[in-house]
Amino acid sequence: RELTAIEQLPDEIMLQIFGYLNPQELVRCSGVCTQWNRLAMDGSLWKVIRPVQWAKGDWSFMDFMDVEEEEERSIRMEEVVMEMKYDEDADIDESESSDSDSDSDDIRQIQKESKLLVSMVRYLLPKIGKYVMECHLAYSTGLQNGVLYKILKLCPNIEVLDLTQTHISDIGFKSLGKNGCGSKLKKVDLSGCKSVTDSTLIQLSTAMTHASNPESLNENSRGQKVCSKYSKDKATKKSALAAQIDSVDQALKSACDWLEGNLMASRLYEMIENQRMQSPFAHRDPRLIENHQDLTSVYISALNWIKTYYPNSINKNVCSTVSHSNARTSANESLPCDAADCPSRTRPSHNRGNVGYCSDLERTSGSRSCSELTCDSDSLTNTKGVRLLEFLSLSGCYKVTDSGIRSLATDGGLPYLQHLDLSGCSNISSQGLTELVGVCPSLDHDNLFYCDNMEDDPYALSASGCQNLECRSRACCRTGE
Ligand code: FES
């Protein structure tokens, strides 16, 4: 078959053309053929998702949301939901036949939104989730905790998370911190999320602190998830690894047979390092991270082998090679030894790069053999990272207390935070606030909002006041005054 003119266009040009399409058109194009499916699902086209807007028919990656209108709809919907809650016999179908046309429209909108969100989680995000950087779910009425959980899990590189005025609670955030999810968050807007408590903030804090490398969980060259115990080719992978380890171990054993004394360990290090440098990992191809893990295992395996068969030789060294081999999680411990004849001087740190390690490998001095290589995504050792959060709004989250915001103040605080809105959080005391603000050096006090009635107000002269005084949809201690 002769290729048509459009089929002859290079991928770069096709991607430029696809860049003019909206999400609905892209999804339609993805059903045309394999090539179009690949192009339409290209990560560069799906940096932003706006399911709430899309459910209303505004199929655009740009923001076309009318905030005032959405606020009104949100208040109206809350009333409808409350009515439905109290009317045990009412369900959505019955409500459609209700006298109020606007109520019916709103309910239809909830259904539409829920359906779109579920479809997205099921069919779209597994393909493009890792490329999504902004997720806008503000004023969603159809968003459920389970759906949010999956969205966060499928979008580990997310930087902007807007959940303004949703009914989400702590359960929805449980996937934060898994697979590195949340480690890159820069903007989190939870304004009006009344059900959010300290638990979400603790989860958020942990996720931001432990920046495990989501890249390491990307697909490998065969398009399969790396490091997953659910990997379909686990058996094949294990046997391939076993073969690799066997061959390297054999080589090490032969080398050890004729190497003697203190030199032995350093030669071994050199040898393993040479092996490592010749591997595809030396080129830092994230798709080949699996190979790195294989080689790390080989490395540890070899050291344990030396420990077993040449304990005296290891003891003769200025420092213990085995203790070096196990020093991977602590920054201090992983510093190279200064001793002139210590082999660890010449080898690179285990912790360089953002590569995660299987925590099981750290326990190789125990009974478990590292050659089992049954690591899963949760067992990747996290590398402590700097928190990147620049914007945080908890406006109206009245259940949040000092312990919640204290969790954000731990582990170096929020060095890049520029905007902090705690309006309506009347359970936060001046002590908790001071602790957090004290570790936010970039925070401009013009962009600091909290309750006007706070006792011993520490920033009375510099900070802005509560923003919820006249707001109908968000909590404020002065409502009703
Ligand atoms: Fe106290 Fe708004 S929460 S003034």
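**Observations concerning the confidence of the model for the protein chain**
1) Next: Taken over all residues, the pLDDT of the protein chain has a mean of 72, while the share at 70 or more is 58%.
2) Next: Counted against residues more than four places away or in other chains, residues 212-235, with its pLDDT under 50, gives 52 contacts.
3) Next: Segment residues 313-383: pLDDT under 50, and 140 contacts once partners within four positions in sequence are set aside and those in other chains are kept.

**Some words on unusual backbone geometry**
Most peptide bonds are trans, and most residues other than glycine sit at a negative phi.
1) Next: Here the phi dihedral of Gln 165 falls at roughly 55°; this positive angle occurs in a residue that is not glycine.
2) Next: Locating Gln 165 in the fold gives a position in the loop between β3 (160-162) and β4 (187-189).
3) Next: Relative accessible area serves as the criterion here: at 5%, Gln 165 is assigned to the buried category.
4) Next: For Asn 179, which is not a glycine, the phi torsion comes out positive at approximately 60°.
5) Next: Within the secondary structure, Asn 179 is located in the loop between β3 and β4.

**Some thoughts on the pattern of salt bridges**
1) Next: Under the definition given, this model contains 6 salt bridges.
2) Next: Arg 38 is paired through a salt bridge with Asp 11; the nearest N and O atoms lie 3.0 Å apart. With Arg 38 in helix α3 (residues 34-40) and Asp 11 in helix α1 (residues 11-18), this pair connects stretches of sequence that are 27 residues apart.
3) Next: Arg 406 is the partner of Glu 435 in a salt bridge, and the nearest nitrogen-oxygen pair spans 3.0 Å. Of the two residues, Glu 435 is situated in helix α16 (residues 430-437) and Arg 406 in helix α15 (residues 402-409); the sequence distance between them amounts to 29 residues.
4) Next: Look at Glu 435 and you get partly exposed, because its relative accessible area is 33%.

**Some points on the packing of aromatic side chains**
1) Next: Per the counting criterion, the structure on display carries 5 aromatic pairs.
2) Next: Geometrically, the ring pair formed by Trp 46 and Trp 54 is edge-to-face, given 6.3 Å between the ring centres and 75° between the ring planes. Like Trp 46, the residue Trp 54 is buried in the burial classification.
3) Next: Considering the side-chain rings of Trp 54 and Phe 61, the 5.8 Å spacing of their centres and the 85° angle between planes classify their relative orientation as edge-to-face.
4) Next: Pairwise contacts between aromatic rings join Trp 46, Trp 54, Trp 59 and Phe 61 into one cluster.
5) Next: The ring of Phe 391 carries the charged tip of Lys 187 above its face, separated from the ring centre by 4.8 Å.

**Side note on the packing of α15 against α16**
1) Next: Taken N-terminus to C-terminus, the directions of α15 and α16 make an angle of 15°; their axes are 8 Å apart at the nearest point. For the element pair α15 / α16, the angle class is roughly parallel. As α15 packs across α16, the resulting crossing turns out to be left-handed. Touching Asp 402, Ile 405, Arg 406, Leu 408 and Ala 409 of α15 are Gln 431, Gly 432, Leu 433, Glu 435 and Leu 436, all from α16.
2) Next: Classifying every residue of the contact of α15 with α16 by side-chain character gives 5 nonpolar, 2 polar and 3 charged.

**Remarks on the layout of surface pockets**
1) Next: Roughly 480 Å³ of volume is contained in the second largest pocket.
2) Next: Secondary structure elements with two or more residues in the lining of the second largest pocket: α4 (51-55), α5 (67-86), β5 (391-393) and β6 (419-421).

**With respect to the nonpolar core**
1) Next: Counting residues in each nonpolar core, the largest one holds 70 residues, and the members touching the most others are Ile 151, Leu 163 and Phe 173.
2) Next: Residue contributions to this core peak at 7 residues, all from helix α7 (residues 101-128).
3) Next: Those residues in contact with Phe 173 that sit more than four places away from it in its chain are Leu 148, Leu 152, Leu 161, Leu 163, Ile 168, Leu 190, Val 196, Thr 200 and Gln 203.

**Side note on helix α8 (residues 145-154)**
1) Next: Within α8, the full set of buried residues consists of Asn 145, Val 147, Leu 148, Ile 151 and Leu 152. All buried residues of α8 project into a common sector of 160° when viewed along the axis, lining one side.

**Observations concerning the environment of Thr 197**
1) Next: Relative to the elements of secondary structure, Thr 197 occurs in the loop between β4 and α9 (198-209).
2) Next: By relative accessible area, which is 21% here, Thr 197 ends up partly exposed.
3) Next: A sequence separation of 207 residues divides Thr 197 from Gly 404, and the C-alpha atoms of the two residues are 7.5 Å apart.
4) Next: If near-sequence neighbours (up to four positions away) are discounted, Thr 197 is found in contact with Asp 170, Lys 399 and Val 400.

**Things to note about the side chain of Ser 393**
1) Next: Note on placement: Ser 393 falls in strand β5.
2) Next: Using a relative accessible area of 2% as the deciding quantity, one classes Ser 393 as buried.
3) Next: A polar contact is formed between the side chain of Ser 393 and the side chain of Ser 191, at a distance of 2.7 Å.
4) Next: Every residue in contact with Ser 393, bar those within four places of it in the chain, is listed here: Val 188, Asp 189, Leu 190, Ser 191 and Asp 421.

**Thoughts on α16**
Within an α-helix, residues lying three or four positions from one another point in the same direction, as the helix has 3.6 residues per turn.
1) Next: By the burial criterion, the buried members of α16 are Ser 430, Gly 432, Leu 433, Leu 436 and Val 437. In an axial view of α16, the angular spread of the buried residues amounts to 160°, which keeps them on one side of the axis.
2) Next: Residues of α16 that are buried sit in contact with α15, β6 and β7 (448-449).

**Some details on the sheet that holds β7**
1) Next: Spatially, β1-β2-β3-β4-β5-β6-β7 is the arrangement adopted by the 7 strands of the open sheet, whose pairing is parallel. What marks the edges here is a single partner per strand, and that holds for β1 (48-49) and β7.
2) Next: Alignment of strand β2 (residues 134-136) against β3, held across 3 bridges, turns out to be parallel. Along β3, the bridge assignment pairs Glu 134 with Val 160.

**Thoughts on the environment of Lys 112**
1) Next: Following the sequence through the fold, Lys 112 ends up in helix α7.
2) Next: Owing to a relative accessible area of 48%, Lys 112 belongs among the partly exposed residues under this scheme.
3) Next: Through-space distance from the C-alpha of Lys 112 to that of Lys 56 is 8.2 Å; in sequence the pair is 56 residues apart.
4) Next: A polar contact of 3.4 Å, which involves the side chain of Lys 112, links it to the backbone oxygen of Ala 55.

Thresholds applied
Residues numbered from 1 in each chain as written. Predicted model: local features only at pLDDT ≥ 70, side-chain atom pairs only at ≥ 80, totals over all residues. Heavy atoms only, no water. pLDDT = per-residue confidence, 0-100. Contact = heavy atoms within 4.5 Å. Helix = DSSP H or I, 4+ residues; strand = E, 2+ residues; numbered from the N terminus. Buried < 20%, exposed > 50% of the residue type's maximum accessible area, 1.4 Å probe, protein only. Salt bridge = Lys/Arg side-chain N within 4 Å of Asp/Glu carboxyl O. Phe/Tyr/Trp six-rings, centres within 6.5 Å; stacked < 30°, edge-to-face > 60°. Lys NZ or Arg CZ within 6 Å of the ring centre and 35° of its normal. Axes fitted to C-alpha atoms, helices over the stretch in contact; angles between N-to-C directions. Parallel < 35°, antiparallel > 145°, perpendicular 65-115°, else oblique. Left-handed = near helix turned anticlockwise from the far one by under 90°. Nonpolar A, V, L, I, M, F, W, Y, C, P; charged D, E, K, R; others polar. 1 Å grid on protein atoms, 1.4 Å probe; cavity = no way out; pocket = protein on both sides within 12 Å on 5 of 7 lines; lining within 4 Å. Points joined across faces, edges and corners; volume = space filled by probe spheres on them. Core = buried A, V, L, I, M, F, W, Y, C linked by side-chain atoms within 4.5 Å. Arc of directions from axis to C-beta. Polar contact = N/O pair within 3.5 Å; in protein donor to acceptor, adjacent residues only side chain to side chain. Pairing = 2+ DSSP bridges.

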